[in-house]
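Per-entry structural report
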Amino acid sequence: MTDDFTQSQSFDVPEGFELLPWHRGFGRQVGPLFEKRDETGLTRGFRVEEHHTNGMQNAHGGMLMTFADMAWGSAVEKGEDTWWVTVRLLCDFLSGAKLGDWVEGNGKVVSHVDGIFTVEGRIWAGERTLLTGTGVFKVIERRQGAA
């Protein structure tokens, strides 16, 4: 994996989306990921690049689940510096995303009990729903020394 962005990663992003500042560890390997904050809430997105694909040149299911985790978990954020962990992630695959597709996703909190949030989410490309499911997330305190 290189630190260099390709032209499509750098410039072929829908209006309103900004680079998600996740530059280390696993996030750097699966990125770049983007987000848009507006009156409807927070939506995350990514362009399906070669390193996201399986042997059929579709987005790998593991990438779509990773993205679902990031998109749905963001529903529990109170601000840009909220930390959370995933307790459970259930996904139903409905369609695939092809190399070059722009993929978006978000979630909605449907339950909050004792610091545990249940989120219903959707991942899509254009008009096509790729994935639906449920995530369970716990907001945690930021750890000392973490980026």
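This report concerns the structure included in the present document. It should be emphasised that the depicted structure is a prediction, and the values quoted were computed from it without experimental measurement.

Points about the overall build of the protein
Counting its regular elements, the protein contains three helices and seven strands. In sequence order, the protein lays out its α and β elements as α-β-α-β-β-α-β-β-β-β. A buried classification covers 37% of the 147 residues belonging to the protein. Total accessible area on the protein stands at roughly 8,500 Å², and carbon and sulfur atoms take up 49% of it.

With respect to the nonpolar core
The biggest cluster of nonpolar side chains holds 25 residues, and the ones touching the most others in it are F46, W72, V103, I123 and L130. Contributing elements (two or more residues each) for this core: α3 (61-73), β4 (83-93), β6 (116-125) and β7 (128-140). Look past the residues within four positions of L130 in its chain and what remains in contact with it is L64, D92, F93, L94, S95, G96, A97, V103, I123, W124 and A125.

Observations concerning the side chain of H52
Summarising the element assignment, H52 is placed in the loop between β3 (41-47) and α3. Among the polar contacts made by the side chain of H52, one reaches the side chain of H51 at a distance of 3.3 Å. Contact partners of H52, with chain neighbours within four places excluded, come to V30, G31, F46, R47, N58, A59, H60 and M63.

Things to note about the sheet that holds β7
Within a beta sheet, neighbouring strands are joined by backbone hydrogen bonds and run either parallel or antiparallel to one another. Read across the sheet, seven strands follow the order β1-β2-β3-β5-β6-β7-β4 without closing on themselves; strand pairing throughout is antiparallel. Of all the strands in the sheet, just β1 (18-19) and β4 have a single pairing partner and so form its edges. Judged from the nine bridges that link them, strand β5 (residues 102-113) and β6 form a sheet pairing that is antiparallel. By the bridge assignment for β6, K108 is matched with E120. Contacts from α3 reach β3, β4, β5, β6 and β7, with the element oriented near 130° to β4.

Describing the pattern of salt bridges
The final tally for this structure, using the stated rule, is six salt bridges. Between E35 and R44 there is a salt bridge; the shortest N-O distance is 2.9 Å. The same class applies to E35 and to R44, which are both buried. For E77, the salt bridge identified is with R37, shortest N-O distance 3.2 Å. Residue E77 is found in the loop between α3 and β4, and its partner R37 is found in strand β2 (residues 34-38); the two are separated by 40 residues along the sequence. What you see here is one network of salt bridges that share partners, running through E35, R37, R44 and E77.

Reading the values: rules and limits
- Throughout, a residue's number is its position along its own chain's written sequence, starting from 1.
- Reporting of local features is limited, given that this is a predicted model, to residues whose pLDDT is at least 70; pairs of side-chain atoms are given and counted only at 80 or more, and all residues count toward the totals for whole chains, interfaces and linings.
- The basis for every side-chain value is the complete set of heavy atoms in the structure, and neither hydrogens nor water enter the calculation.
- A run of H or I in DSSP becomes a helix once it reaches four residues, and a run of E becomes a strand once it reaches two; helices and strands are each numbered from the N terminus.
- Think of it in three bands: with a 1.4 Å probe and only protein chains considered, a residue is buried below 20% of the maximum accessible area for its type, exposed above 50%, and partly exposed in between.
- Accessibility throughout is a Shrake-Rupley quantity obtained with a 1.4 Å probe, and a residue counts as covered only by protein chains that appear here.
- By nonpolar core is meant a set of buried Ala, Val, Leu, Ile, Met, Phe, Trp, Tyr and Cys residues that side-chain atoms within 4.5 Å join together.
- For this analysis, residues touch if any pair of their heavy atoms sits within 4.5 Å.
- In the analysis that follows, any N or O atom pair within 3.5 Å is treated as a polar contact, provided that within protein one partner can donate a hydrogen and the other can accept it, and provided that, for residues neighboring in sequence, both atoms belong to side chains.
- Any two strands between which DSSP finds at least two bridges are classified as paired.
- As a rule, the C-alpha atoms of each element are fitted with a line to give its axis, helices using only the stretch in contact, and angles between N-to-C directions run from 0 to 180 degrees.
- In the sections that follow, a salt bridge refers to a side-chain nitrogen of Lys or Arg positioned within 4 Å of a carboxyl oxygen of Asp or Glu.

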